[in-house]
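# Fold and contact review
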Amino acid sequence: MNTPANDYDRVLYPCRPHSQSHPDRMAVVARLFGMNPAPIAHCRVLEIGCSEGGNLIPIALGFPHCRCLGIDLAAAPIALGQERIRALGLANIELRQMNLLDVTAELGEFDYIIAHGVYAWVPAPVRDKLLAVCHTNLAAQGVAFVSYNAYPGCHVRDILRDMMVYHTQDLEDDGERVAQGKAFVDFVIDARQKPDPAQAMLRQELEAMEERDDHVVFHDEFAPCFAPAYFKDFAAHAESYQLQYLGESHIIDMQASMLKPEAAETLRQLANKNLIAYEQYLDFARFRKFRQTLLCHANVPLDRALSSGKIAGFHFASAAIERDPDADSPAGTRAFTTPDGSAHAATNQPQTIAILEMLTAQWPTAVPFANMPDASPALAELLLRMYLANLIDARTCVLPVAGTIGERPAVSALARLEVQNGRVVSTLLHSHIIVEDEIARQLMLLLDGTRNRAELMRDLLAAVPSLTAEEVASKIDVNLHNLRRFGLLMA
């Protein structure tokens, strides 16, 4: 947000929101750029490379009137996902073991097509087919999501991958390959007698790899095909299938907010009003290594002017929490930050403060623009700036999350099923959290919507007899609050 001459109003360090492959994320960007995508509540979704349905099942669960189809070449994860669908009793989703090369127009037309983690990990004929499906099976106002490793940043990943694949070529166990590969890279980095820029760059990449699950590292770094792409080449490939670049699913990725203003202006001049060239220049300047790109049909007219008039139908939410302002802040300044601390806002403007207070108080539910006090063009402009700075979330639909803790609170059947078998559970915000506390896990198993607070106390005491009644009461309060904030309690 720009700082007006006589006040203090700024947003720094945008963070990443929840999963960018949710159709609602795609719909927000499509509407901002002048499209009329299908309403999420009744849309048709195809996911290519759906695995066991970890991305698609929550969509089907949250929107019972949409139709979801997932395909994947691997039979084992499809079988696992089908078993989960049967356990949940979902009738609006199907997972098929299917070769992408066998897809034809007969598969049907879809409003949203998702291909996460596919394009850069398959041979050229399959990449061609993926984009062909995005053209043939996409509705007229449909949106396709394609994520892929990108150059120039992925050159560093190439280096680490080459080391790991070479060093572990004689090992057969997937987990052992990942462990030994990372250990060898760590050894190579520390082998240098004196620190140098190359060492620092490799170390940073290894630390980023350590933050991912080992099975994700194996999929990404040890895949037989590893084909990152420059954005300009991906855009040209899409154009050859009569698809055009719509934008990035995380719209902040299209902005030059991390660059010096004069540098951003120079890139715009170099691009000479060519959007593809500008995005490629941005990738060079940001050293981007991953993209989550949205495509639409080439004949769809787009309006790329980000005007506040386009957001009248949106709902807005914010997970920000208040923090102490800096000591040198002007009088009346209020400061807010996202839960992970990567996005901050500090302002003494009454309207900005009022909006943040309202949205953060109602998180994880969202407030329709039409229901906001003084739903004026000025407010719309403020909300647009806050959204582009990633301080607030924009939605096109109502998510099935609870804004308050009801008399008989419930988490989704999916989360209860997941917490029975592991620590990672899906939220109603289309994100994932790790449940590490055994008491929280036991409480989630009880939250099926049939128990009031007294009954939860009774049954949790029985499940964890080592606790006192006072301790159980405290644990219930804390965990219910956290479950609501994380988007795990159902409306």
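Please refer to the structure placed before this passage.
Residues numbered from 1 in each chain as written. Predicted model: local features only at pLDDT ≥ 70, side-chain atom pairs only at ≥ 80, totals over all residues. Heavy atoms only, no water.

## A closer look at the overall build of the protein chain
Counting its regular elements, the protein chain contains 17 helices and 17 strands. Relative to its length of 491 residues, the protein chain is compact, with a C-alpha radius of gyration of 24 Å against a globular reference of 23 Å. Seen along its three principal axes, the alpha-carbon backbone of the protein chain occupies a region of about 60 × 60 × 60 Å. Counting all 491 residues of the protein chain, 52% fall into the buried class. As presented, the protein chain carries roughly 22,400 Å² of accessible surface, and 54% of it is formed by carbon and sulfur atoms. Once the 43 positive and 60 negative side-chain charges of the protein chain are each reduced to a mean point, those two points are 3 Å apart. (Helix = DSSP H or I, 4+ residues; strand = E, 2+ residues; numbered from the N terminus. Rg over C-alpha atoms; globule rule 2.2 N^0.38 Å. Buried < 20%, exposed > 50% of the residue type's maximum accessible area, 1.4 Å probe, protein only. Areas by Shrake-Rupley, 256 points an atom, 1.4 Å probe, with all protein chains shown as cover. Lys, Arg positive; Asp, Glu negative; His and termini not counted. Charge placed at Lys NZ, Arg CZ, Asp CG, Glu CD.)

## A few points about the nonpolar core
Formed by 107 residues in total, the largest nonpolar core has its most connected members in F316 and M372. Beyond its immediate sequence surroundings of up to four residues, M372 is in contact with F316, I355, M358, L359, V367, L379 and L383. Core analysis: the second largest hydrophobic core is formed by 24 residues, V419, I439, M444 and L488 among them. (Core = buried A, V, L, I, M, F, W, Y, C linked by side-chain atoms within 4.5 Å. Contact = heavy atoms within 4.5 Å.)

## Thoughts on the pairing of strand β8 (residues 243-248)
A large share of β8 lies buried, amounting to six of its six residues. Note: β8 against strand β9 (residues 290-297), five bridges, orientation antiparallel. Looking at β9, one finds that L243 is bridged to H297. (Pairing = 2+ DSSP bridges.)

## What to know about the packing of aromatic side chains
The tally for this structure, following the rule as stated, stands at nine aromatic pairs. A centroid spacing of 4.3 Å and a plane angle of 20° characterise the contact between Y148 and F234, whose relative ring orientation is stacked. Separated by 86 residues along the polypeptide, Y148 in strand β6 (residues 138-151) and F234 in helix α9 (residues 231-239) bring together distant segments of the chain. The pair Y148 / F234 is uniform in exposure class, with both members buried. Three or more aromatic residues joined by ring pairs form one cluster here, namely Y119, Y148 and F234. (Phe/Tyr/Trp six-rings, centres within 6.5 Å; stacked < 30°, edge-to-face > 60°.)

## Quick look at helix α3 (residues 75-88)
The terminal C-alpha atoms of α3, which comprises 14 residues, lie 20 Å apart, in line with the 20 Å expected from a rise of 1.5 Å per residue. All buried positions along α3 are accounted for by P77, I78, G81, I85 and L88. Down the axis of α3, the buried side of the element spans an arc of 100°, and every buried residue falls inside it. Residues of α3 that are exposed and point more than 90 degrees away from the buried face comprise A76, E83, R86 and A87. Tucked into the core, α3 has its buried residues touching α2 (56-62), β3 (67-72), β4 (93-97) and α14 (413-421). Taken from the residues just after α3, G89 is the one with a positive phi, measuring 70°. (Expected span 1.5 Å × (residues − 1). Arc of directions from axis to C-beta.)

## With respect to helix α15 (residues 438-446)
For α15, the set of buried residues is I439, A440, Q442, L443, M444 and L446. Here the buried face of α15 lies against α14, β16 (424-426), α16 (453-463) and α17 (469-485).

## Overview of the packing of helix α12 (residues 350-362) against helix α13 (residues 377-388)
Contact geometry of α12 with α13 gives a least axis separation of 11 Å together with a crossing angle of 65°. Looking at the two axes, α12 sits roughly perpendicular to α13. Pair α12 / α13 crosses with right-handed handedness. Across from Q351, T352, I355 and L356 in α12, the residues of α13 making contact are L379, L382, L383 and M386. (Axes fitted to C-alpha atoms, helices over the stretch in contact; angles between N-to-C directions. Parallel < 35°, antiparallel > 145°, perpendicular 65-115°, else oblique. Left-handed = near helix turned anticlockwise from the far one by under 90°.)

Remember, this is a structural readout, not a statement about activity or role.
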